[in-house]
Amino acid sequence: MPEREEYRWTEEKLRTIDPTEHDFQEFKSSLFLINPRGEQTGDFLVSLSKQISAFANADGGKIFLGIQDDGTPDAGIPIDFKRGGTRSWLEDIIQDAVTPRLQSFNVFEVRAQDPNSAIAEGNAVYVIEIYESPTPPYQAKDQRYYLRIAGKSRPMRHVHVEDVFRRARFPKMKLARFSPYGEAEINRADPRDTRVFLAFRIHFVNDSRTMAKQVGAEVTLPRMLVGKEVRQRIETSQKTSRTQRPGKITFFHYFPHPVFPSQELFCMMIWIGIHQSNVMAIRSGLRLGWTVYADDADPVTGEVTLNQYAVVQRVLDMDIWD
């Protein structure tokens, strides 16, 4: 996979990593790959496949080759250890290190930038980034499945394998965009006080290789954001059902068509009302929550902080609240 500039690893960036191993990070010194005679270690391919299996069966992570247990670089690995270049060779072997073939990963080659660097000239540290994959579980070359547990790559128990198969079998819907729509509408005629209405469009995406046959989503708003006019706007713009509990109001919308893998869909439009009595709460980080349901998969939930949006900030900065 090509390097994107904003994700490119450098020696300076290596200095910022957490110096401890955990469920998303593994350090391997150069001796993991190259023995003192300068030869490839005999168990390298099998050992690497265990690490890749563990990360791919979880939520992804990073494997550092040429980093010691304390999180600092050693002399590194020759960039031409294999014909055609070490990075290219790693990219080739990683794809076939597990079954099924791994697709979502990247390999970064980090050379010395500082003349006092521990990384020797002609050598590099290699960062293998394993991304969350929609097709687990992945089997290592020893015919076993691994998972990151308490910062180690450990063989998976039956219950873990069942859980991974469940993730692969069901669709995974997640929030794609929660974005402002249009400009703020100011109502100065309300006898109570000036009110400003803002609209947001909500999009979800099927981030899996399994079609979602039935999808529904709900948005839970703090009651102080929802007056009569806001309710009318939401309920007349699409078919929704509404439930209430103290301090909260929830709008649910059912999407009547299947959602194919990687497909993004517009699901709902909501409004909020900003007025004198809720301005301080919004400035302080008032949130609204969302949940998306897809077939028999576990619901996915999240929250959105309103004051992160520029259009909300512009409303909060209006002199009408003084």
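Residues numbered from 1 in each chain as written. Predicted model: local features only at pLDDT ≥ 70, side-chain atom pairs only at ≥ 80, totals over all residues. Heavy atoms only, no water.

## Concerning the nonpolar core
Inside soluble globular proteins, nonpolar side chains tend to come together where they are buried.
So, step 1. With 45 residues, the main nonpolar core has Leu221 and Ile270 as its most contacted residues.
So, step 2. Among the elements that make up this core, the one with the highest residue count is strand S13 (residues 264–274) (8 residues).
So, step 3. Residues contacting Leu221, with those up to four places away along its chain left out, are Val226, Ile234, Gly247, Lys248, Ile249, Phe251, Ile270, Trp271, Ile272 and Leu288.
So, step 4. The next biggest cluster of nonpolar side chains, apart from the first, holds 26 residues, and it includes Ile77, Ala97, Val107 and Ile128. (Core = buried A, V, L, I, M, F, W, Y, C linked by side-chain atoms within 4.5 Å. Buried < 20%, exposed > 50% of the residue type's maximum accessible area, 1.4 Å probe, protein only. Helix = DSSP H or I, 4+ residues; strand = E, 2+ residues; numbered from the N terminus. Contact = heavy atoms within 4.5 Å.)

## Observations regarding the sheet that holds S13
So, step 1. With antiparallel pairing, the 3 strands of this open sheet are ordered in space as S8-S9-S13. In this open sheet, the two strands that pair with only one neighbour each are strand S8 (173–187) and S13. Averaged over all adjacent pairs, the angle separating strand axes in this sheet is 20°, with direction ignored.
So, step 2. Note that strand S9 (residues 195–206) and S13 share 10 bridges and pair antiparallel. The residue of S13 that forms the bridge with Phe204 is Leu265.
So, step 3. Relative to the sheet, helix H5 (residues 228–237) contacts S8, S9 and S13, its axis offset from that of S13 by approximately 165°. (Pairing = 2+ DSSP bridges. Axes fitted to C-alpha atoms, helices over the stretch in contact; angles between N-to-C directions.)

## Observations concerning unusual backbone geometry
So, step 1. The step from Thr99 to Pro100 runs through a cis peptide bond, and the omega angle for that step is 0°.
So, step 2. Within the secondary structure layout, Pro100 lies in the loop between helix H3 (86–95) and strand S4 (105–110).
So, step 3. Of note in this structure, Ala150 is not a glycine but carries a positive phi near 55°.
So, step 4. The residue Ala150 is located in the loop between strand S6 (146–149) and strand S7 (152–155) in this model.
So, step 5. The phi angle at Asp295 is positive, at roughly 50°, despite the residue not being glycine.
So, step 6. Along the chain, the position of Asp295 falls in the loop between strand S14 (287–294) and strand S15 (300–305).

## Focus: the confidence of the model for the chain
Detailed reading of predicted coordinates is not advised where the pLDDT is low.
So, step 1. Confidence in the prediction of the chain, expressed as mean pLDDT, is 89, and 95% of residues score 70 or more.
So, step 2. For the chain, per-element mean pLDDT is lowest for helix H4 (residues 158–169), which scores 72, and highest for strand S3 (residues 77–78), which scores 97.
So, step 3. Low pLDDT, under 50, characterises residues 1–6; the predicted model gives this stretch 13 contacts beyond four residues in sequence or across chains. (pLDDT = per-residue confidence, 0-100.)

## Remarks on the sheet that holds S15
So, step 1. Spatially, 5 strands are ordered S11-S12-S10-S14-S15 in an open sheet, and the strand pairing comes out antiparallel. Both outer strands of the open sheet, strand S11 (241–245) and S15, are each paired with one neighbouring strand and no more. Here the strands of the sheet are splayed against their neighbours by 20° on average, with no regard to which way each runs.
So, step 2. Relative to strand S12 (residues 248–255), S11 runs antiparallel, the two sharing 5 bridges. Within S12, the residue paired with Arg242 across the bridge is Phe251.

## Structural notes on the side chain of Thr220
So, step 1. Among the secondary structure elements, Thr220 is positioned in strand S10 (residues 215–222).
So, step 2. A residue is classified by how much of its surface remains accessible, and Thr220, at 14% relative accessible area, is buried.
So, step 3. Within the structure, Thr220 has its side chain in polar contact with the side chain of Thr250 (distance 2.8 Å).
So, step 4. If we skip the residues at most four places from it in the chain, Thr220 touches Arg245, Lys248, Ile249, Thr250, Leu288 and Gly289. (Polar contact = N/O pair within 3.5 Å; in protein donor to acceptor, adjacent residues only side chain to side chain.)

## A word on the pattern of salt bridges
So, step 1. According to the stated counting rule, one finds 15 salt bridges in the structure shown.
So, step 2. Across the pair Glu11 and Arg15 runs a salt bridge, and its minimum N-O distance is 3.9 Å.
So, step 3. Judged by relative accessible area, Glu11 falls into the buried class, the value being 6%.
So, step 4. Take Arg15: its relative accessible area is 54%, and that puts it in the exposed class.
So, step 5. Between Arg314 and Glu183 there is a salt bridge; the shortest N-O distance is 3.9 Å. A residue pair is termed long-range when its members are at least 10 positions apart, and Arg314 in helix H7 (residues 310–316) and Glu183 in strand S8 qualify at 131 residues.
So, step 6. A cluster of three or more residues bridged by salt bridges with shared partners is formed by Glu11, Arg15 and Asp114. (Salt bridge = Lys/Arg side-chain N within 4 Å of Asp/Glu carboxyl O.)

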